[in-house]
Amino acid sequence: MTSICFYFQVHQPRRIKKYRYFDIGNNSSYFDDSSESNLNNKKILQKVAAKSYIPTNRVLLELLRAHPEFKVSFSLSGLAIEQFEEFSPETLESFHDLFSTGQVEVLSETYYHSLSFLYSGAEFKSQVDLHAKKLKKVFGLSKPKVFRNTELIYNNDLAREVEKMGYVGILAEGADHVMGWRSPNFVYLPAQAGRPIERKQIKLLLKNYKLSDDIAFRFSEKSWKEYPLTAEKFANWVNAINGNGQVVNLFMDYETFGEHQWEDTGIFDFLRALPGELLKHPDNDFVTPSEAVKRYAPVGEIDMPNFVSWADVERDLSAWLSNSMQSDAIVKLYAMKDKVLATKNKKLAEDWRRLTTSDHFYYMCVKWFADGDVHAYFNPYESPYDAFRYYMNVLTDLQTRIKPAKKVRSL
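Residues numbered from 1 in each chain as written. Predicted model: local features only at pLDDT ≥ 70, side-chain atom pairs only at ≥ 80, totals over all residues. Heavy atoms only, no water.

Undergrad: Please explain helix 7 (residues 209-216) as it appears in this structure.
TA: Count 3.6 residues to each turn of an α-helix, and residues three or four apart come out pointing the same way. Within helix 7, seven of the eight residues are buried, leaving the element largely enclosed by the surrounding structure. Listed as buried for helix 7 are Tyr209, Leu211, Ser212, Asp213, Asp214, Ile215 and Ala216. Buried-residue contacts for helix 7 involve strand 5 (169-173), helix 6 (176-179), strand 7 (203-207), helix 8 (231-239), strand 8 (247-253) and helix 9 (267-279). (Buried < 20%, exposed > 50% of the residue type's maximum accessible area, 1.4 Å probe, protein only. Helix = DSSP H or I, 4+ residues; strand = E, 2+ residues; numbered from the N terminus. Contact = heavy atoms within 4.5 Å.)

Undergrad: Please explain the packing of helix 1 (residues 41-66) against helix 2 (residues 78-87) as it appears in this structure.
TA: Relative to each other, helix 1 and helix 2 sit at 95°, their axes nearing to 10 Å. Judged by the angle between their axes, helix 1 and helix 2 are roughly perpendicular. Note on element contacts: helix 2 touches helix 1 through Gln83, Phe84 and Phe87, opposite Asn41, Lys42, Leu45, Gln46 and Tyr53. Grouping the amino acids of the contact of helix 1 with helix 2 by side-chain chemistry returns four nonpolar, three polar and one charged. (Axes fitted to C-alpha atoms, helices over the stretch in contact; angles between N-to-C directions. Parallel < 35°, antiparallel > 145°, perpendicular 65-115°, else oblique. Nonpolar A, V, L, I, M, F, W, Y, C, P; charged D, E, K, R; others polar.)

Undergrad: It is not clear to me how the pattern of salt bridges should be interpreted in this structure. Could you clarify?
TA: Pairs can form between side chains of opposite charge whenever their charged atoms are close. Evaluated as defined, the whole model comprises 28 salt bridges. Put simply, Lys125 and Glu161 hold a salt bridge, and the shortest N to O gap is 3.1 Å. Taken together, the residues span a long stretch of sequence, with Lys125 in helix 4 (residues 121-139) and Glu161 in helix 5 (residues 156-164) at a distance of 36 residues. Relative accessible area serves as the criterion here: at 41%, Lys125 is assigned to the partly exposed category. Note that Asp213 and Arg315 form a salt bridge whose closest N and O atoms lie 3.5 Å from each other. Separated by 102 residues along the polypeptide, Asp213 in helix 7 and Arg315 in the loop between strand 10 (301-302) and helix 11 (318-321) bring together distant segments of the chain. The exposure classification of Asp213 matches that of Arg315, with both residues buried. Members of the salt-bridge network, linked through shared partners, are Arg14, Glu82, Glu86, Glu350 and Arg354. (Salt bridge = Lys/Arg side-chain N within 4 Å of Asp/Glu carboxyl O.)

Undergrad: Can you walk me through the nonpolar core in this structure?
TA: As a rule of thumb, soluble globular proteins bury nonpolar side chains together. Ranked by internal contacts, the top residues of the largest apolar core, which has 55 residues, are Leu60, Phe74, Phe95, Leu98 and Tyr254. Among the elements that take part in this core, helix 1 stands out by supplying eleven residues, more than any other. In this structure, Tyr254 is in contact with Phe8, Gln9, Val10, Ser52, Tyr53, Thr56, Asn57, Leu60, Phe74, Phe95 and Leu98, ignoring residues within four places of it in sequence. Formed by 34 residues, the second largest nonpolar core is a distinct cluster that contains Tyr19, Phe31, Trp352 and Ile402. (Core = buried A, V, L, I, M, F, W, Y, C linked by side-chain atoms within 4.5 Å.)

Undergrad: Sorry, what's going on with the side chain of Thr91 here?
TA: Structurally, Thr91 is set in helix 3 (residues 89-99). Taking the relative accessible area as the measure of exposure, Thr91 reaches 0% and is therefore buried. Setting aside its immediate chain neighbours within four residues, Thr91 contacts Ala49, Tyr53, Ile54, Asn57 and Phe84.

Undergrad: Sorry, what's going on with the side chain of Ser3 here?
TA: For Ser3, the location among the structural elements is in strand 1 (residues 2-10). Taking relative accessible area as the criterion, Ser3 reaches 0% and is therefore assigned buried. A distance of 2.7 Å separates a polar atom in the side chain of Ser3 from a polar atom in the side chain of Tyr296. Every residue in contact with Ser3, bar those within four places of it in the chain, is listed here: Gln246, Val247, Val248, Asp285, Val287, Arg295 and Tyr296. (Polar contact = N/O pair within 3.5 Å; in protein donor to acceptor, adjacent residues only side chain to side chain.)

Undergrad: Which parts of the structure should I look at to understand the packing of aromatic side chains?
TA: Any two aromatic rings considered together are summarised by their centre-to-centre distance and by the angle between their planes. This structure, assessed with the given rule, holds 36 aromatic pairs. Site record: aromatic cluster; members linked through ring pairs are Phe6, Phe8, Tyr53, Phe70, Phe74, Phe84, Phe95, Phe99, Phe139, Tyr254, Phe257 and Phe286. Taking NZ or CZ as reference, Lys143 lies 4.8 Å from the ring centre of Tyr167, over its face. (Phe/Tyr/Trp six-rings, centres within 6.5 Å; stacked < 30°, edge-to-face > 60°. Lys NZ or Arg CZ within 6 Å of the ring centre and 35° of its normal.)

Structure below.
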């Protein structure tokens with residue numbers, strides 16, 4: 001038997017405006033949610049919702065109702081949820097409809113889709129807790145059982161920390177340089193550094209990036225030798241894993257449907273047909289991540305001492321931390337953390353935490369800038385250098401707002 005596990009990332013950042021030097025000390029509104037500029041978060045969110053989120057949710061709801069055995073999972077960043085509340089209530093309602101089917105699992109992550117685990121364990125835990133509270137408040141969901149870190153950033157230390165937080169499963173990229181001869185189509189244990197294997201130990205689900213990327217990146221590529229990709233063809237590839245795998249993890253950005261792959265490519269027709277084609281094989285079924293880790297025994301350990309992500313060909317942290325601009329910005333940001341939180345100023349803390357979002361550093365990446373690649377997608381800035389300049393101006397203004405909380409005089 002082979003199970004299919006679908007996981008979709010739903011996230012949109014609060015992009016900062018073109019915050020100029022002369023705004024410092026005069027304007028503490030950093031995030032462009034109302035103007036008509038191309039940085040407008042409201043406009044971008046509503047555009048993506050209309051092209052991707054709403055129509056894809058509609059298709060998935062049809063599929064979930066037509067196939068009671070069909071299941072999917074999501075992680076929605078806190079920033080995405082709050083922007084749905086503000087700018088697209090229809091999108092929020094459509095997610096409510098999906099979650100009410102009982103066939104959808106929602107995963108845990110950091111509220112602000114941040115790199116906080118790399119810089120502050122305490123802040124990482126705070127953001128994970130904020131995310132769980134948001135899921136409870138908006139959707140009535142209990143704390144998730146499976147964790148998915150920002151952009152699938154993962155290493156052994158993260159697994160151990162998340163295990164201490166009570167999670168039973170964690171997702172990661174099945175990168176070739178880590179897997180070697182092993183297959184991502186099995187459940188594994190994180191490396192334990194000499195610790196004995198325990199029955200209730202957290203389990204590791206690895207993305208089958210080849211099959212996932214066939215949909216997410218190559219679906220509409222006419223030069224691809226497998227073009228056009230049909231649901232029947234894709235199902236046959238999955239069927240070939242039967243007998244040599246437990247679970248096929250298909251992880252991708254939700255914007256794949258309708259935004260990265262436009263409707264006229266046939267992506268929605270493909271999605272409509274896929275569950276039925278997969279279920280034609282009597283040994284196929286669908287699982288959520290928590291069901292996968294409960295059902296399948298791990299076949300071994302995977303050792304990832306260094307950070308691995310699902311970004312770019314390197315599958316490392318270089319999308320966010322490969323140049324001096326990115327390093328300077330994030331070091332200055334986290335150097336302010338204790339002073340910001342000590343003020344007990346909720347607006348100041350919220351602004352600071354919105355600046356922890358990984359996208360801000362992604363926009364500063366220069367490694368493929370000349371080629372105009374995927375780093376330009378949803379990037380509102382003309383260059384990585386502009387992204388850095390506006391971000392550092394915002395941090396400078398934020399610094400001027402830090403004032404210690406007033407002490408209450410004792411009687």
